[in-house]
Amino acid sequence: MSVLHAIASAANFALVAGLLALGACTLGACAMSSPQIGTRAGLGCVDDSPACIDQRQATLRHMVNDRSRSWVHESPTPEAYASGVRLFAYKSKKKELTCDELRRGKLEADTARSSLNSVGDRLTPAQVSRSVMLAGEVGRELEREFNRRCKRG
C-alpha cells in the first residue's frame, strides 16, 4: 500500500467515523448536554470538545427536524462547512428536498471548496481536507438525486 493510499484510507475512515457519529445523532442516539443550545450554535463549532460535539449534534437534529427547511436558504460560513452539519443535513434530507433545494444544496457543496480555502489559519489543513471531501461526496449525491427526480429531458 502506497503512502498516499494509506493517507487517503485514513482520511476516509475519519470522514466515515464522523458521519456515523452525526448520523447516530439524527436517529436520536445522542443526548444534548443542555436544552438551551442555540439552534445554529453548532455551525461555527469546529473542534472536537464534548461541548462542541453536543452543539453540532443539536444543530443537526434541529435542521433535520425543521419541516420548513429554512436553513437551506441561509448563507453558510466556511466554519459551517467545516463543522459538517449543513452538508450532513443535506445528505440526510436529500430524498425530501424539492428540486430547487437540491439545486441549492449542490451549488453549496460545489462552492464549499473555495469557501474553505479562503479561511486562512482559522481551520487546520486536516479540517479543510475532510470538509472538502464531505462536500464532494454530498454534491455528487445531491446531483444524482436531482438527475433522478428533477432533470427534464
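Throughout, residues of each chain are indexed from 1 in the direction in which the sequence is written. pLDDT decides what is reported in this predicted model: residues at 70 or higher carry local features, side-chain atom pairs at 80 or more are listed and counted, and totals for whole chains, interfaces and linings draw on all residues regardless. Hydrogens and water are ignored here; the side-chain numbers use all heavy atoms of the structure.

Draft legend 1. Local environment of the overall build of the protein chain. Helix and strand definitions here come from DSSP, where helices need a minimum of 4 consecutive H or I residues and strands a minimum of 2 consecutive E residues; each element is numbered from the N-terminal end. Looking only at helices and strands, one finds 6 helices and 0 strands in the protein chain. Secondary structure elements of the protein chain occur, N-terminal to C-terminal, as α-α-α-α-α-α. What makes two residues a contact is simply this: any of their non-hydrogen atoms within 4.5 Å. The long-range fraction of contacts in the protein chain, counting pairs at least 24 apart against all pairs at least 6 apart in sequence, stands at 67%. Method for areas: the Shrake-Rupley scheme with a 1.4 Å probe, in which residue coverage is limited to the protein chains shown. In the form shown here, the protein chain has an accessible surface area of approximately 8400 Å², with 57% of it arising from carbon and sulfur atoms.

Draft legend 2. A look at the side chain of E101. Considering the arrangement of structural elements, one finds E101 in helix 5 (residues 99-117). Judged by its relative accessible area of 6%, E101 is buried. To sort residues, take the accessible area from a 1.4 Å probe on protein chains only and compare it with the maximum for the residue type: under 20% means buried, over 50% means exposed, and anything in between is partly exposed.

Draft legend 3. Main features of unusual backbone geometry. Although it is not a glycine, R69 adopts a positive phi angle of roughly 50°. Tracing the chain through its elements places R69 in the loop between helix 2 (50-65) and helix 3 (78-83).

Draft legend 4. Region of the structure containing the nonpolar core. Buried Ala, Val, Leu, Ile, Met, Phe, Trp, Tyr and Cys residues that are joined via side-chain atoms within 4.5 Å together make up what is termed a nonpolar core. L87, Y90, L116 and L123 are the most contacted members of the largest nonpolar core, which totals 30 residues. Elements that contribute at least two residues to this core include exactly helix 2, helix 3, helix 4 (85-93), helix 5 and helix 6 (125-149). Counting residues per element, this core draws most heavily on helix 6, at 7 residues. Sequence-distant contacts of L123, defined by excluding residues within four places in its chain, comprise V46, P78, A82, L116 and V128.

Draft legend 5. Just the pattern of salt bridges, in detail. We define a salt bridge as a side-chain nitrogen of Lys or Arg found within 4 Å of a carboxyl oxygen belonging to Asp or Glu. The final tally for this structure, using the stated rule, is 12 salt bridges. Here E96 makes a salt bridge to K93, at a shortest N to O gap of 2.7 Å. Note on E96: relative accessible area 46%, which makes it partly exposed. K93 sits in the buried class, given a relative accessible area of 8%. Between K106 and D110 there is a salt bridge, with the nearest N and O atoms lying 2.8 Å from each other. Of this pair, K106 and D110 both sit in helix 5, 4 residues apart, roughly one helical turn.

Draft legend 6. Broad picture of the packing of aromatic side chains. The pairing test for Phe, Tyr and Trp rings, Trp by its six-membered ring, is centres within 6.5 Å, and the orientation test on the planes gives stacked under 30 degrees, edge-to-face over 60, and tilted for anything in between. In total, this model carries 1 aromatic pair according to the counting rule given. Ring centres of W71 and Y90 lie 4.9 Å apart, and the angle between their planes is 70°; on these two criteria the pair is classed as edge-to-face. Taken together, the residues span a long stretch of sequence, with W71 in the loop between helix 2 and helix 3 and Y90 in helix 4 at a distance of 19 residues.

Draft legend 7. Looking closely at the state of the cysteines. Put simply, a disulfide is two cysteine sulfurs that come within 2.5 Å. A full pass over the atoms with the stated rule returns 2 disulfides. Each sulfur in the disulfide pair C45 and C52 lies 1.9 Å from the other. You can call C45 buried: its relative accessible area is 13%. The side chain of C99 participates in a disulfide bridge whose partner is C150; the two sulfur atoms lie 1.9 Å from each other.

Draft legend 8. Broad picture of the confidence of the model for the protein chain. Scored from 0 to 100, pLDDT records how confident the predictor is in each individual residue. Averaged over the protein chain, the pLDDT score is 78; the fraction of residues at 70 or greater is 73%. Between the elements of the protein chain, mean pLDDT differs from a low of 45, seen in helix 1 (residues 3-26), to a high of 94, seen in helix 4. Scored below 50 in pLDDT, residues 3-17 shows 8 contacts in the model against residues more than four places distant or in partner chains.

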